[in-house]
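# Architecture at a glance
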Amino acid sequence: MKKDFLFLYKLFKKYWVLLIVALIGSVLESGALAGLAYIIKNIVDDVFVSKSYESLIFVILVLIILASAKQVGFFLKNYIYPLIVYKGVKELREKVYSKILNADPSFIIKKSYGDLISRLTNDLERFTQIVSSLGTNVITETFTVIAVTGLLIYRDWKMFLIFLVAVPFLAFALNYFGEKRKKYSKKLQESFGEYTQHLNQLLSGFEIVKLFSQKIFSNFFKNVNENLYHREKKNKFYETVYLSSVEIIAYTATAGIIFYGGYRIINEEITAGDFFSFLGGVLILVNSMQVLQRGLVQLKALSPVIERVEYLLNIPEEKDGGIEFTGLKKIIRFEDVSLKIEENQILKGVNLEIKKGENLGIVGLTGSGKSTLIKLLPRLIKDYEGNIYIDDKELKEYSVKSLREKIGLITQDVIIFNDTLRNNLLIAKPDATDEEIYSALQRAKADFIKKLDKGLDTILGEKGSRLSGGERQRISIARIFLKNPDILIFDEGTSALDVETEEYIMNEIDSYFKDRTVIMITHRFKILEICNKVAVLDSGRVVEFGEKEELIRKKGEFYRFFSLSMSDDKI
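Below or above, wherever it landed, is the structure these notes cover. (Residues numbered from 1 in each chain as written. Predicted model: local features only at pLDDT ≥ 70, side-chain atom pairs only at ≥ 80, totals over all residues. Heavy atoms only, no water.)

On to unusual backbone geometry. Of note in the backbone geometry, Arg 379 takes a positive phi value of approximately 60 degrees without being a glycine. For Arg 379, the location among the structural elements is in the loop between helix 10 (370–375) and strand 4 (385–390). (Helix = DSSP H or I, 4+ residues; strand = E, 2+ residues; numbered from the N terminus.)

Pasting the structure below:
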């Protein structure tokens with residue numbers, strides 16, 4: 001719990017002025033409630049029993065003042081406390097987003113996206129709810145309990161002793177059911193993560209899902225949903241049983257107070273006003289303790305939520321530093337490069353040379369390691385063995401940021417944001433002019449923009465839902481023309497294009513990047529026409545490397561692919 005409060009302190013300490021205003025609101029409301037319980041004696045003894053008109057006017061004025069103070073306090077605490085929380089959570093979102101944006105790619109790749117999204121949404125929302133209740137319930141009701149307890153002791157300490165008997169039972173209920181709630185709150189958040197993850201996967205691949213047996217998906221969802229329901233049920237059960245036990249204890253104590261108080265009124269030891277003032281205070285105290293206990297139970301559920309949020313704040317960031325990469329001068333060399341991801345050996349002793357200005361084609365069967373190999377250059381994957389030299393420096397000696405600024409990567413999986421076409425292109429070059437954007441779109445043969453209702457300012461929809469697969473791919477290619485990288489990597493970047501469009505774009509790339517270094521992963525033989533050399537990968541190894549004509553004459557692996565392409569136009 002100490003760790004949790006330290007987390008809250010660091011997050012909210014800068015809002016101390018607002019916190020003081022909210023605390024004033026809590027004190028006002030608590031003091032007004034205690035005052036209302038206190039004035040009951042005057043109402044009963046001075047107005048109802050003594051029938052004094054002056055006392056009636058006085059009591060009415062006091063009631064108006066107390067009610068007004070209570071509402072001012074109510075407004076301050078119910079508006080300011082959540083406002084402080086919203087400000088803190090806004091800052092948390094920004095920190096977490098920055099963490100994810102700057103995260104080490106190898107960390108993100110290994111994690112469940114659904115779990116990360118659940119932590120970013122469900123857990124932060126839960127954090128907001130619980131911490132808001134900390135101010136509106138726990139702090140305010142603590143003041144109320146203190147104020148009313150003081151009033152009760154002042155009114156009749158003997159009757160207050162009866163109430164004290166119930167306190168150990170209330171403490172036991174809080175501790176036992178609070179721990180249960182903490183346990184199932186953590187399990188519940190985990191289940192929400194699984195639920196979000198499954199829905200994310202379902203919607204991301206919805207078209208594919210429709211083509212397969214829905215029974216499997218339904219069964220999986222039923223298991224996830226059943227688990228979520230079970231934990232929701234358990235969580236609510238312990239909360240409800242706790243609240244019921246508190247009410248039983250509280251009303252039992254109240255019944256004892258009524259009996260003892262009635263006995264003392266009959267024996268004329270206290271007045272009716274004293275008793276009803278005390279009883280009113282007890283009822284306020286019981287209600288405040290219920291709200292307070294509920295808030296304390298919620299606090300038990302806060303710990304696992306903070307743990308899940310802190311997980312996001314502790315995402316390892318990608319470290320940068322090293323030599324500034326200003327562009328390839330001579331050669332890229334892979335020397336005995338191997339890569340193992342968990343138990344899978346992806347690359348095995350790769351040796352390869354790519355000279356500046358060369359266009360290298362990489363071919364191979366699915367799973368041969370082609371995509372993994374090219375992800376090493378922009379350091380999207382870092383834990384390789386062996387050495388990769390760019391000119392005379394090992395790849396790891398260069399600054400990551402400067403490498404990625406000079407390397408362009410196009411894959412068949414195009415990322416389109418639910419934003420304008422303009423902003424989807426500006427991510428490649430934030431200061432690009434409209435003229436530069438239109439030129440890049442023209443080189444990518446993205447003539448479809450003429451049909452868009454608002455041109456560059458057209459919202460493309462989530463994942464580019466307003467566009468076809470080929471149109472999305474042409475936007476990806478236009479980004480590369482805008483970025484104008486020193487090293488260009490194509491990983492099946494034209495897979496959704498027709499032959500005519502592909503040929504046009506390949507000619508544009510060959511012309512525009514004629515002095516640059518281009519690496520092309522492809523299954524289409526036609527694309528290799530712009531390549532000087534070809535590397536053939538098989539099971540993570542480079543089994544052939546050289547000029548196309550030379551490899552065809554050898555009649556090895558590349559020749560086999562070439563032969564197949566004569567009938568299928570693919571390799």
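Back to the text.
Let's shift gears to the side chain of Arg 264. By the secondary structure assignment, Arg 264 is in helix 8 (residues 214–266). By relative accessible area, Arg 264 is classed as buried at 7%. A polar contact is formed between the side chain of Arg 264 and the side chain of Asp 156, at a distance of 2.3 Å. Among residues more than four places away in sequence, those in contact with Arg 264 are Asp 156, Lys 158, Met 159, Glu 269 and Ile 270. (Buried < 20%, exposed > 50% of the residue type's maximum accessible area, 1.4 Å probe, protein only. Polar contact = N/O pair within 3.5 Å; in protein donor to acceptor, adjacent residues only side chain to side chain. Contact = heavy atoms within 4.5 Å.)

Strand order in the open sheet formed by four strands is 2-1-4-5, with antiparallel pairing between adjacent strands. Two strands lie at the open edges of the sheet, namely strand 2 (344–355) and strand 5 (393–394), each paired on one side alone. Note: strand 1 (residues 331–341) against strand 4, five bridges, orientation antiparallel. In the strand pairing of strand 4, Ile 332 is matched with Ile 390. (Pairing = 2+ DSSP bridges.)

Our next topic: the environment of Thr 128. Within the element layout of this structure, Thr 128 appears in helix 5 (residues 113–155). Between the C-alpha atoms of Thr 128 and Leu 302, which are 174 residues apart in sequence, the distance is 10.0 Å. Setting aside residues no more than four positions away along its own chain, Thr 128 makes contact with Val 85, Tyr 86 and Val 89. A polar side-chain atom of Thr 128 sits 2.8 Å from the main-chain carbonyl oxygen of Leu 124.

What follows concerns the packing of aromatic side chains. This structure, assessed with the given rule, holds nine aromatic pairs. Here the aromatic cluster, defined as three or more aromatic residues joined through ring pairs, consists of Phe 481, Tyr 512 and Phe 513. A cation over a ring is seen here: Lys 396 above Tyr 384, with NZ or CZ 4.3 Å from the ring centre. When the ring centre of Tyr 504 is taken as reference, the NZ or CZ atom of Lys 445 above it lies at 5.5 Å. (Phe/Tyr/Trp six-rings, centres within 6.5 Å; stacked < 30°, edge-to-face > 60°. Lys NZ or Arg CZ within 6 Å of the ring centre and 35° of its normal.)

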